[in-house]
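Here is how the chains run, residue by residue.
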Amino acid sequence: NDDEFSQGLLDECMFGNRNSNERVECNALGRVQYIDLEDNDLDAPSKMPRDVALLSSLEELNFESVNFKGTIPTEIGMITKLQRLFLGINKFSGPVPTELGRLTNLKYLSLWSNRLTGQVPTELGHLTQLEEGLSLGLNDLTGTMPEEVCRLHTPNGLLSWLGADCEGVQCDCCSHC
């Protein structure tokens, strides 16, 4: 029953064999902590499922090179335990959702090689735990890298790697253009 799932009454991992499925890992309470569908090219043009936001214990989500289209669902900002988010090498379009700024436990965010447009949202500056990388290159982003994001990468910030298309996004603080 979908209602029981959304209320947390059902084991999120009960629909698969945990031991044979290395692409999904669960904790001792039966909650999904890790999903890796990288290079799992879906046959039909697909949108990223909004229901992934119901996985409140999710710490790592790798949807890189899955062939997702459309916009990045704003609901992804609800997965506050997320530490690593890989959405690169897809066909996402539209703006970078400001809701990503709610993912304050993120250590790595990959949005590279999509069709994202608009400016880099200042809300990404709320990601003060980003230390492994922020990858925004190979998109159609424009404007100037927000000062709030640059502060994450300065000598006093944790962020070790900041990449963007410096032709479209003016970025004096980027380590990789």
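All figures in this text were calculated on a predicted structure; none of them were measured in a lab.

**Quick word on unusual backbone geometry**
Inference 1: Even without a glycine there, the phi angle at N67 is positive, about 75°.
Inference 2: Here N67 falls in the buried class, since its relative accessible area comes to 14%.
Inference 3: Unusually for a residue other than glycine, L138 sits at a positive phi of about 55°.
Inference 4: Note that L138 resides in the loop between β10 (133–135) and β11 (140–144).

**Here's the deal with the state of the cysteines**
Inference 1: According to the stated counting rule, one finds three disulfides in the structure shown.
Inference 2: Note that C166 is cross-linked by a disulfide to C177, the S-S spacing being 1.9 Å. Of note, the bridge from C166 to C177 carries an S-S torsion of about -65° and is left-handed in sense. Linking C166 in the loop between β12 (162–163) and β13 (169–170) with C177 in the segment after β13, this pair joins segments that are eleven residues apart in sequence.

Analysis parameters
- Residues numbered from 1 in each chain as written.
- Predicted model: local features only at pLDDT ≥ 70, side-chain atom pairs only at ≥ 80, totals over all residues.
- Heavy atoms only, no water.
- Buried < 20%, exposed > 50% of the residue type's maximum accessible area, 1.4 Å probe, protein only.
- Helix = DSSP H or I, 4+ residues; strand = E, 2+ residues; numbered from the N terminus.
- Disulfide = S-S within 2.5 Å.

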